[in-house]
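Fold and contact review
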Amino acid sequence: MPDQKDDGEIIESADNTQTRRDWLLISTLTLATAGTAVGLWPFIKSLNPSAEIQAQRTSKIDISAVELGEQLVAQWQGKPLFIVHRTKEMIEKAEADDGGTDPQADSERVERPEWLILLGTCPHLGCVPRFEETDEYLWVCPCHNSTFDYSGRVLRAPSPKNLQVPPYRFISDTEIEVGEA
Amino acid sequence: MAEKGSLSRVYDWFDRQLPVTELMENHATKYPTPKNLTYWWNFGSLAAIFLVIQILTGILLAVQYKNDPTLAFDSVQRIVRDVEWGWLIQPMHAIGASFFFLVMFIHLGRGMVYGSYKSPRALLWLIGCALFMVLVIAGFTGYLLPWGQMSYWAAQVITEVFSAVPVVGQTLVEWVRGSFVVSDATLSRMFTYHIVLVPILFIMLTVVHISALHKVGSSNPTGVEIDKKEKDKFATFHPLTTAKDAWFGLLVLMVFFAFVFFAPHYFTPVAQFIEANPLQTPPEIVPEWYFLSMFAILRSIPEKLLGVVALFGSVGILFFLPLLDRSPVKRAFSRPIFRWGLLLFFLDFIYLGYLGTKPPLGANLVAGQIATLYYFLFFLSLPLVTWLEAKMAAKKGAKDE
Amino acid sequence: MAVLGATLVLFAGLVGVAAASEELPPLPDVSIPTDAETIELGERIVMARCKTCHSLQYLRDEETLQPLLSGITPDTAKKQFGVVPPDLSLIAIARPGGAAHTYAFLTGYENDLGDCEKAANRFISGGCTAMVDPRLSDEDALAITAFLKEAADPNEKIRVQIGIWVEIFLGILTVMAYLVYRRIKKRELG
Ligand code: HEM
Ligand code: FES
């Protein structure tokens, strides 16, 4: 049985209890909900990487010590980073074709041909490929034997993709900055 | 009614297999609450609000904190400086502890004024005392974690307290510390107690506390139990009590956030901003304000073992209140002697807290001893007070005849 | 807002009481500047003069993001001064009286060494300090204090700004929730 209240609208719900919906209640609940949502935001944000870790978003790496034909394994954001100082022959091999199952020109993968900079995680399941110079390939993944050529492009499955090129720029001839701030 | 919405079908699916509606109606919406409760009955729900705040902020702090003496102090500074909103979360937890204690003291005091420890709520009171013990442990273990000078020396002194136990004292101290002094081992275990043991106990005991409450029902300010059949004296928990808890909770949160935003270091002694140094005690060690009364009791007794017994006794005696006070009258205001005794007890407790900030010398020492004596006398004299009050009532009854 | 105001007045009073320290002479009643220019000046002086002996390990170098360490190692300092100069990142809140103590210390040197070996300072208990008189002008001491205060509590500005909005929001919501409660009370209790 509905019960008339001073200014409230009457709503009869399924179990016959009267719920009063007036502007005051609605706006209070709305405000409270909005407040809770906004209030939880700082809590969620606090789980972001802290300023200390944000600072590692980009890394400066000195490449002057990398000998011709050698690889330096550096770290960027805690991930392995391959820096290869390519010889003339290596560059020729890399430029000869567009790789295997994931074709891409070598020129799109390097800033300067003598420096090949790659993320050292296998696109298959994340192992770190081993640097092993052969006629055919330059890296072989110890986990499931994917191979990668002189440009880091996949030759042999199971890896579906080429080794990834991270964002980087040359600060000078001997130093690069990896990552985007 | 038209075809049921999909939302209510989902609800029904749960309700068929879980007592959703039943639990909600019994414990929230339809739970009968006396209509005449005053705001003193709001502090239980406030304690729950602060429990939630402590758990939420605590989880976020635990994510960033490092429980290693070489990193602990540093990691707290990193939280405040480097973690997004860390400057908000860290003081919320620290100030939250103080508010939790404040709310708990008032909640407990309300229980004493309105005889909430008497039948049929004796077990409810005992569970409450256990919750208070957990809060004390939470406060103690948590205070060590920032690894400041005060953290370290407070923990050193309080764990040393166990050495007063005859024969096994030293063994006990080492058992508590996991080491000869407060050290890496102590920090690891206190951290574990603080973030695992304490929350589990809090949540379990809170559930039991509420279950017990809802079995026997709230008391009310008249001190006279209301018969369950007098339906017109009860309102359903929702909306009357929910609305009251909500607005009063918001009011307290306003004060809480005023501290968090405008005076986050208010309760933090300056020595806490200096990293713990096991080789140098700060000029004076004062515990957090909520331990001051207990601290004063400990220090006012010059004999080591007795002091420690008094320290634990001061909390432990709360458990015996239902046994000591057998008066059938619940409301303190209705009892001619008890009302003054209780008022004096509250003042005594606050005074002990004040003495806790002063060195226990000369007049302060004597005052501390008198105050400690009264603290225990209040409890231990309750059988006598009850007997005297019964006599007075009988005399008055005879006169009225 | 009235509640907020009252609360704030209460804080101010209580903080004042808590800050009163014993034995040392009363701290000078200074208002510490909060403007960016003064803080920057203070930073320059600290980096040029104090950082040779003191670390500020909770602050970072802007370029390398490394913690700011002192110019000399703790071991050398210990040999040279007998004590390791304290880290300065929290110093402005780690002494009774807070930043006022920092200012008092910096300007509290006595010309007469008395029994002290290195330097006499009125605001150190015992009266002696191992840090020689930096001979700072009043403005420089104030600027240094302003910087160290900011370093000790770098979030103060944003905290107060956000805090005011949070309090306004909670104030409005509390009043509205109270009005809701009052209506419900009227309906339920008559
Ligand atoms: C103007 C720059 C400086 C500032 C702002 C500064 C600030 C301070 C402060 C606030 C203290 C703490 C006082 C206390 O114990 O309460 C202190 C102590 C000390 N400072 Fe400095 N200081 C400065 C420069 C230096 C320099 C250049 C040296 C090295 C010669 C030095 C050596 C010390 C030592 C050895 C202590 C320890 C004193 C003791 O505990 O006896 N300070 N300083
Ligand atoms: S992870 Fe490299 S081939 Fe599988």
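Here the structure is a predicted model, which is why all the values come from computation and not from measurement.

1. Notes on the interface of chain C and chain B
- Chain C puts 42 residues into the contact, and the matching count from chain B is 35 residues.
- When chain C packs against chain B, the two sides together hide about 3600 Å² of surface, and 72% of this comes from carbon and sulfur.
- Where chain C touches chain B, the interface holds one salt bridge.
- Where C:Arg60 meets B:Asp82, a salt bridge forms, and the shortest distance between an N and an O atom there is 2.6 Å.
- Here chain C is connected to chain B by six residue pairs in polar contact (both at pLDDT 80 or more).
- At the level of secondary structure, the elements contributing two or more residues to the side of chain C that touches chain B comprise α1 (2–19), β1 (56–60), α5 (138–152) and α6 (156–189) of chain C.
- Among the elements that line the side of chain C that touches chain B, the one with the most residues is α6(C), at 20 residues.

2. Focus on the coordination of the iron atom of ligand 1
Residues and elements named next belong to chain C.
- Donor atoms from the polypeptide that bind the iron atom of ligand 1 are His 54 (NE2) and Met 131 (SD), placed at 1.9 to 2.0 Å.
- Taken together, the six donor atoms surrounding the iron atom of ligand 1 define angles of 77 to 179° at the centre, an arrangement classified as octahedral. On the criterion of sequence distance, the pair formed by His 54 in the loop between α2 (36–50) and β1 and Met 131 in the loop between β5 (128–129) and α5 is long-range, its members being 77 residues apart.
- Relative accessible area serves as the criterion here: at 9%, His 54 is assigned to the buried category.
- Judged by its relative accessible area of 25%, Met 131 falls in the partly exposed class.

3. Thoughts on the state of the cysteines
Residues and elements named next belong to chain A.
- All chains considered together, the criterion is met by two disulfides over all chains.
- The disulfide that involves Cys 127 links it to Cys 143, with 1.9 Å between the sulfurs. An S-S torsion of about -90° defines the bridge between Cys 127 and Cys 143 as left-handed. Linking Cys 127 in the loop between β6 (115–119) and β7 (130–131) with Cys 143 in the loop between β8 (139–140) and β9 (147–148), this pair joins segments that are 16 residues apart in sequence.

4. A word on the domain arrangement of chain B
Residue and element names in this part refer to chain B.
- Here chain B is partitioned into domain 1 (39–218 + 239–277) and domain 2 (287–401).
- For domain 1 versus domain 2, the separation of C-alpha centres amounts to 25 Å.
- The partner domain 2 presents 31 residues to the 34 residues of domain 1 that form the contact.
- Interface area for domain 1 against domain 2, summed over the two sides, is near 2800 Å², with a carbon-plus-sulfur share of 79%.
- The three residues of domain 1 that bury the most area against domain 2 are Met 112, Tyr 117 and Lys 118, which together make up 22% of that side's buried surface.
- On the surface where domain 1 and domain 2 come into contact, there are one salt bridge.
- For Lys 118, the salt bridge identified is with Asp 325, shortest N-O distance 3.3 Å.
- Linking domain 1 to domain 2 there are ten residue pairs in polar contact (both at pLDDT 80 or more).

5. Structural notes on the nonpolar core
- Membership of the largest hydrophobic core comes to 108 residues, with the highest contact counts inside it found for B:Phe50, B:Phe132, B:Phe202, B:Phe256 and B:Phe379.
- Take this core: its biggest share by element is 15 residues, from helix α5 (residues 86–113) of chain B.
- Apart from the residues lying within four places of it in its own chain, the contact partners of B:Phe202 are B:Leu51, B:Phe100, B:Leu131, B:Val134, B:Leu135 and B:Ala138.
- With 31 residues, the next largest nonpolar core counts C:Tyr58, C:Tyr103, C:Leu136 and C:Phe147 among its residues.

6. Quick notes on the packing of aromatic side chains
- With the rule as written, the count across this model stands at 51 aromatic pairs over all chains.
- Centroid distance B:Trp147 to B:Tyr152: 5.5 Å. Interplanar angle 85°. Geometry classified as edge-to-face. Like B:Tyr152, B:Trp147 is buried.
- Here B:Phe162 and B:Phe312 contribute two aromatic rings whose centre-to-centre distance is 5.8 Å and whose plane-to-plane angle is 45°, an arrangement assigned as tilted. Here B:Phe162 is found in the loop between α7 (149–160) and α8 (169–177), whereas its partner B:Phe312 is found in helix α12 (residues 304–316), with 150 residues between them in sequence.
- For B:Phe162, a relative accessible area of 23% gives the class partly exposed.
- Residue classification places B:Phe312 among the partly exposed residues on the basis of a relative accessible area of 46%.
- One aromatic cluster in this structure is built from B:Phe50, B:Trp85, B:Trp87, B:Phe99, B:Phe256, B:Phe257, B:Phe259, B:Phe261, B:Tyr266 and B:Phe267.
- Directly above the aromatic system of A:Phe170 lies the positively charged group of A:Arg112, at a separation of 4.1 Å from the ring centroid.
- For B:Arg335, the ring lying beneath its charged end belongs to B:Phe338, and the centroid distance is 4.1 Å.

7. Things to note about the pairing of strand β12 (residues 175–178) of chain A
All names here are of chain A.
- Two elements, strand β3 (residues 59–62) and β12, share four bridges in a ladder whose sense is antiparallel. Along β12, the bridge assignment pairs Lys 60 with Glu 177.
- As paired elements, strand β11 (residues 168–172) and β12 share four bridges and run antiparallel to each other. Bridging across to β12, Arg 169 finds its partner in Glu 177.

8. What to know about the domain arrangement of chain C
Residue and element names in this part refer to chain C.
- What the domain assignment lists for chain C is domain 1 (24–154) and domain 2 (155–190).
- Computed over C-alpha atoms only, the centres of domain 1 and domain 2 are separated by 43 Å.
- If you look at the interface, domain 1 gives four residues, while domain 2 gives four residues.
- Summed over both partners, the interface of domain 1 with domain 2 buries about 380 Å², with 22% contributed by carbon and sulfur atoms.

9. Comments concerning the environment of B:Ile370
- Within the secondary structure layout, B:Ile370 lies in helix α15 (residues 362–380).
- Here the alpha-carbon distance between B:Ile370 and B:Arg78, two residues 292 residues apart in the chain, equals 46 Å.

10. Some words on the sheet that holds strand β4 (residues 71–76) of chain A
Residue and element names in this part refer to chain A.
- Across the sheet, three strands lie side by side as β4-β5-β6; this open sheet has antiparallel pairing. Two strands close off the open sheet at either side, each with one partner strand: β4 and β6. Here the average twist between neighbouring strands, direction ignored, is 25°.
- Of the pairings in the sheet, the one linking strand β5 (residues 79–85) to β6 comprises five bridges and is antiparallel in character. Of the residues in β6, the one forming a bridge with Leu 81 is Leu 119.

11. Quick notes on the pattern of salt bridges
- Applying the stated criterion across every chain, the model contains 23 salt bridges over all chains.
- In this structure, B:Arg177 engages B:Glu160 in a salt bridge whose closest nitrogen and oxygen atoms are separated by 2.9 Å. Remark: B:Glu160 occurs in helix α7 and B:Arg177 occurs in helix α8; sequence separation between them is 17 residues.
- With a relative accessible area of 1%, B:Arg177 lands in the buried category.
- Among the residues examined, B:Glu160 registers a relative accessible area of 30% and is labelled partly exposed.
- Where C:Arg135 meets C:Asp133, a salt bridge forms, and the shortest distance between an N and an O atom there is 4.0 Å.
- Look at C:Asp133 and you get partly exposed, because its relative accessible area is 25%.

12. Focus: the site of ligand 1
Residue and element names in this part refer to chain C.
- The immediate surroundings of ligand 1 are formed by 20 residues, with Cys 50, Cys 53, His 54, Arg 95 and Met 131 found nearest.
- At 2.5 Å from a nitrogen atom of ligand 1 is found a side-chain nitrogen or oxygen belonging to His 54.
- Residue Arg 95 places a side-chain N or O atom 2.5 Å away from an oxygen atom belonging to ligand 1.
- Counting only elements with at least two residues in the shell around ligand 1, the list comes to α2, α4 (99–107) and α5.
- It is α4 that provides the largest number of residues to the shell around ligand 1, a total of three residues.
- Split by residue class, the shell around ligand 1 holds 15 nonpolar, three polar and two charged.

The rules we used
- Residues numbered from 1 in each chain as written.
- Chains lettered and ligands numbered in written order.
- Predicted model: local features only at pLDDT ≥ 70, side-chain atom pairs only at ≥ 80, totals over all residues.
- Heavy atoms only, no water.
- Contact = heavy atoms within 4.5 Å.
- Buried area = accessible area lost by both parts, 1.4 Å probe.
- Salt bridge = Lys/Arg side-chain N within 4 Å of Asp/Glu carboxyl O.
- Polar contact = N/O pair within 3.5 Å; in protein donor to acceptor, adjacent residues only side chain to side chain.
- Helix = DSSP H or I, 4+ residues; strand = E, 2+ residues; numbered from the N terminus.
- Donors = N, O, S within 2.8 Å, 3.2 Å for Na, K, Ca; no water.
- Tetrahedral: all angles 85-135°; square planar, octahedral: opposite > 155°, others 65-115°.
- Buried < 20%, exposed > 50% of the residue type's maximum accessible area, 1.4 Å probe, protein only.
- Disulfide = S-S within 2.5 Å.
- Domains from an automatic or database assignment.
- Core = buried A, V, L, I, M, F, W, Y, C linked by side-chain atoms within 4.5 Å.
- Phe/Tyr/Trp six-rings, centres within 6.5 Å; stacked < 30°, edge-to-face > 60°.
- Lys NZ or Arg CZ within 6 Å of the ring centre and 35° of its normal.
- Pairing = 2+ DSSP bridges.
- Axes fitted to C-alpha atoms, helices over the stretch in contact; angles between N-to-C directions.
- Near = heavy atom within 4 Å.
- Nonpolar A, V, L, I, M, F, W, Y, C, P; charged D, E, K, R; others polar.

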